[in-house]
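Listed below are the residues making up each chain.
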Amino acid sequence: MDRRAFLHKNAAVLAAPAAAITTDETVSRFANKKLPDTARSTAGFAPYSGPWGYAQAAHLLRRSLFGPTRTEIEGAASSSMQQVVDALLTAPAAPSPPVNVASTDASVPLGQPWVTQPFDQAVEGVRRSSLRAWWMGQMLNQSQSLAEKMTLFWHNHFVIELGDINDARYGYQYAALLRQQALGNIRQLAKDVTIDPAMLRYLNGNQSTATAPNENYGRELLELFTVGKGPLIGTGNYTNYTEDDVKAAARVLTGWRDNNQTISGYFTASRHDTGAKKFSAAFGSRTITARGDQEYKDLIDLIFDQPETARFLCRKLYRWFVYYVIDAATEQNVIQPMADLLIKSNYEVTPVLKSLLTSEHFYDPVNMGCVIKSPLDFTVTVCRQLQIAFPPATNVVAQYGMWDYLNSQTNLQQQYLGDPPNVAGWAAYYQTPQFYEIWINAVTLPRRNQFTDLMISTNGYSRNGAKLLIDPIALVQALPPAVASDPNKVIAELTKLMLPITLTSSQLEFLNDALLPGLPDFEWTQEWTAYVAAPTNATKKASVNTKLQALLRAIMGLAEYHLS
């Protein structure tokens with residue numbers, strides 16, 4: 001298999017007339033026109049027993065964390081695979097809530113939480129920005145746990161949009177729920193999300209009454225959140241559910257409302273349909289009888305009793321952690337065993353993740369370096385791997401300001417934390433045949449390059465008296481002295497950290513020329529040794545800094561840098 005095939009421009013597309021490129025392009029004309037038909041892995045769900053070293057540890061952490069650092073990867077490589085995965089599946093303590101960083105929100109002192117304050121439309125915008133910034137901060141400061149990546153997974157699955165619900169307090173409670181249960185029981189999470197005030201408001205469940213059942217949530221619960229459609233078998237009817245099942249689900253969910261004083265969902269019996277709700281043969285023709293505020297639990301249990309629910313969820317987990325193509329072999333060898341384990345584990349997600357991340361399929365070389373980083377993964381990876389320093393918690397205004405800046409950058413790259421484009425989530429995880437290739441287009445690729453160019457520049461980005469930029473000298477100083485003084489070893493260490501695919505000899509020569517344009521290797525050794533001997537000498541420092549900036553800029557300009 002050509003590991004770089006999907007990085008090459010499509011010759012047929014290049015030969016065709018150029019389409020007009022607009023500033024709102026979301027799908028590149030170079031993206032898939034059909035799913036790749038190259039052979040995929042035949043490896044299954046059996047435990048991986050191959051070599052364990054830097055390459056395997058880096059692969060695991062790239063998929064499990066946002067931007068694993070050199071220290072984290074080396075630490076994982078020196079431990080066993082089981083030890084690393086066990087640590088990844090350990091949930092961290094809940095973080096402190098977001099705080100006020102806007103002088104316009106006079107009801108809350110700067111640096112204090114606003115999440116239980118009364119709603120105020122006049123400050124809703126700054127609170128929403130605070131929430132987004134805080135969430136970004138959790139990604140940047142993640143522990144070595146899957147919790148943060150799984151929180152984003154559930155956000156993309158049980159979707160709400162902060163802009164639509166228009167209450168940052170609801171948004172915080174929703175985010176806290178996802179984080180709390182990120183590594184927990186999926187069935188319970190589905191129950192809790194169903195009556196979460198953010199979801200009740202987002203999909204109009206708060207308006208659903210016995211006389212006017214609202215079908216929005218019932219439809220999305222079946223189609224997007226649990227069992228999925230399956231093939232169409234009639235108008236509005238699918239193999240996994242029918243239009244009448246949507247109507248029955250909507251009747252089950254009548255009577256629920258949201259209370260913006262208590263920031264909770266609550267049940268009003270007088271608004272609830274007390275009749276029996278009969279479901280189709282897809283659900284065994286079962287009936288949910290009158291149980292008032294407990295009926296929603298019966299509905300979730302009914303749906304999770306269907307084996308297809310487990311398969312649907314496992315396909316989404318697979319596309320999040322492994323690859324978007326699920327061929328017949330992968331369905332049989334990986335998805336079905338995952339689903340069987342999920343059912344056996346009573347829908348606890350941790351056993352499934354543990355088995356997937358320790359499987360021979362996960363470590364098959366064909367599944368390494370094949371995922372295009374999302375804007376969030378790309379941006380946070382730049383910051384974490386290249387050790388960009390952020391303002392301390394003692395200066396929350398500057399700290400949140402920089403986190404807010406990163407959100408503005410991912411938004412320009414077409415992924416806005418807290419606001420997926422619609423209830424289906426980000427298209428890169430479901431839109432066939434493009435999937436991840438959606439992340440790279442005529443708008444987003446220049447935005448990515450502009451961000452990395454700014455971070456590696458001498459000026460960086462300044463705000464509130466603070467500055468973000470990469471310190472390339474500090475990166476190299478963290479390497480062993482014998483490595484730091486050898487240009488080819490420096491290139492090897494940085495590319496090993498930053499790229500998931502081994503470079504060709506010509507690519508390595510290109511990077512050597514970026515570091516030492518037209519100069520022999522010993523020139524770097526001499527300049528670095530001179531700098532180390534006199535680190536306060538501005539001329540010597542500028543000489544090595546400029547060369548390292550050029551090297552990092554060249555690495556970040558490679559197509560491979562966008563892969564995980």
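Residues numbered from 1 in each chain as written. Predicted model: local features only at pLDDT ≥ 70, side-chain atom pairs only at ≥ 80, totals over all residues. Heavy atoms only, no water.

What follows deals with the overall build of the chain. From N to C terminus, the chain includes 25 helices and eight strands. Seen through its C-alpha atoms, the chain measures out along the principal axes to roughly 85 × 60 × 55 Å. The 564 residues of the chain split such that 54% are buried. Of the roughly 22,300 Å² of accessible surface on the chain, 54% is carried by carbon and sulfur atoms. Where the 48 positive side-chain charges of the chain centre and where its 50 negative ones centre are 1 Å apart. (Helix = DSSP H or I, 4+ residues; strand = E, 2+ residues; numbered from the N terminus. Buried < 20%, exposed > 50% of the residue type's maximum accessible area, 1.4 Å probe, protein only. Areas by Shrake-Rupley, 256 points an atom, 1.4 Å probe, with all protein chains shown as cover. Lys, Arg positive; Asp, Glu negative; His and termini not counted. Charge placed at Lys NZ, Arg CZ, Asp CG, Glu CD.)

Further remarks concern the pairing of strand S4 (residues 264–267). In this structure, strand S3 (residues 256–259) lies alongside S4, joined through four bridges in antiparallel fashion. Within S4, the residue paired with Asn259 across the bridge is Ser264. From the end of S3 to the start of S4, which pair antiparallel, there are four residues, and Ile263 there has a positive phi angle of about 55°. (Pairing = 2+ DSSP bridges.)

Under the counting rule described, the total for this entry stands at 27 aromatic pairs. Where Tyr405 meets Tyr461, the ring centres are 3.6 Å apart and the plane angle is 10°; that geometry is what we call stacked. Here the residue Tyr405 occupies a position in helix H18 (residues 396–412), and Tyr461 occupies one in strand S7 (residues 461–463), the gap between them amounting to 56 residues. A relative accessible area of 5% means that Tyr405 is categorised as buried. Feature note: the residues Phe153, Trp154, Phe158, Tyr217, Phe225, Trp320, Tyr323, Tyr324, Tyr429, Phe435, Tyr436 and Trp439 constitute an aromatic cluster, connected by ring pairs. A cation over a ring is seen here: Lys149 above Phe66, with NZ or CZ 5.1 Å from the ring centre. For Arg448, the ring lying beneath its charged end belongs to Phe378, and the centroid distance is 4.7 Å. (Phe/Tyr/Trp six-rings, centres within 6.5 Å; stacked < 30°, edge-to-face > 60°. Lys NZ or Arg CZ within 6 Å of the ring centre and 35° of its normal.)

All right, on to the nonpolar core then. In terms of nonpolar packing, the biggest core is built from 172 residues, with Met150, Ile470 and Met498 touching the most fellow members. If we skip the residues at most four places from it in the chain, Met498 touches Lys373, Gln385, Leu386, Leu552, Ile555, Met556 and Tyr561. (Core = buried A, V, L, I, M, F, W, Y, C linked by side-chain atoms within 4.5 Å. Contact = heavy atoms within 4.5 Å.)

The pLDDT averaged across the chain works out to 95; a share of 96% of its residues lies at or above 70. Counting interchain partners and residues more than four positions distant, the pLDDT-below-50 stretch residues 1–22 has 34 contacts. (pLDDT = per-residue confidence, 0-100.)

What follows is about helix H12 (residues 243–252). Restricting attention to buried positions, one finds in H12 the residues Asp245, Val246, Ala248, Ala249, Ala250 and Val252. Those residues of H12 that are buried are in contact with helix H11 (216–225), strand S5 (277–278), strand S6 (287–288) and helix H13 (295–304).

With that settled, consider helix H14 (residues 307–321). Taking 1.5 Å per residue as the helical rise, H14 with its 15 residues ought to reach 21 Å, and the 22 Å between its terminal C-alpha atoms agrees with that figure. When H14 is considered as a whole, its buried residues turn out to be Glu308, Thr309, Ala310, Phe312, Leu313, Cys314, Arg315, Leu317, Tyr318, Trp320 and Phe321. (Expected span 1.5 Å × (residues − 1).)

Relative to each other, helix H6 (residues 147–157) and helix H8 (residues 168–180) sit at 125°, their axes nearing to 8 Å. Our classification of the angle between H6 and H8 gives oblique. Two packed elements cross with a definite hand, and for H6 against H8 that hand is right-handed. From H6, Glu148, Thr151, Trp154 and His155 reach across to H8, where they touch Tyr174, Ala175, Leu178 and Arg179. For the contact of H6 with H8, the per-class residue count stands at four nonpolar, two polar and two charged. (Axes fitted to C-alpha atoms, helices over the stretch in contact; angles between N-to-C directions. Parallel < 35°, antiparallel > 145°, perpendicular 65-115°, else oblique. Left-handed = near helix turned anticlockwise from the far one by under 90°. Nonpolar A, V, L, I, M, F, W, Y, C, P; charged D, E, K, R; others polar.)

Bringing the pattern of salt bridges into the picture now. Once their charged atoms are close, side chains differing in charge can pair, the charge on each being opposite to the other. Applying the stated criterion to the full structure yields 28 salt bridges. Asp258 is paired through a salt bridge with Arg201; the nearest N and O atoms lie 3.1 Å apart. A residue pair is termed long-range when its members are at least 10 positions apart, and Asp258 in strand S3 and Arg201 in helix H10 (residues 197–202) qualify at 57 residues. Taking relative accessible area as the criterion, Asp258 reaches 15% and is therefore assigned buried. Measuring nitrogen to oxygen at the nearest pair gives 2.8 Å for the salt bridge that ties Arg311 to Glu308. In this pair, Arg311 and Glu308 both sit in helix H14, three residues apart, roughly one turn of the helix. Linked through salt bridges whose partners overlap, the residues forming this network are Arg70, Glu74, Glu493 and Lys496. (Salt bridge = Lys/Arg side-chain N within 4 Å of Asp/Glu carboxyl O.)

To continue, consider the side chain of Arg179. Mapped onto the elements of the fold, Arg179 is located in helix H8. Under the relative-accessibility criterion, Arg179 is labelled buried at 12%. A polar side-chain atom of Arg179 sits 2.5 Å from a polar atom in the side chain of Glu148. Setting aside anything within four residues of it in sequence, one finds Arg179 in contact with Pro95, Trp134, Trp135, Gln138, Glu148 and Thr151. (Polar contact = N/O pair within 3.5 Å; in protein donor to acceptor, adjacent residues only side chain to side chain.)

Its place among the elements puts Ala310 in helix H14. Overall, Ala310 belongs to the buried group, its relative accessible area being 0%. Once residues within four sequence positions are removed from consideration, Ala310 is found in contact with Ala339, Leu342, Ile343 and Tyr347.

Attention now moves to the packing of helix H19 (residues 444–456) against helix H25 (residues 538–556). The geometry of H19 relative to H25 is characterised by a closest axis approach of 10 Å and an angle of 165° between their N-to-C directions. Taken together, the axes of H19 and H25 lie roughly antiparallel to each other. The interaxial crossing formed by H19 with H25 has right-handed handedness. Here Thr452, Asp453 and Ile456 of H19 lie close against H25, whose contacting residues are Gln549, Leu552, Arg553 and Met556. Looking at the contact of H19 with H25 residue by residue, the classes come out as three nonpolar, two polar and two charged.

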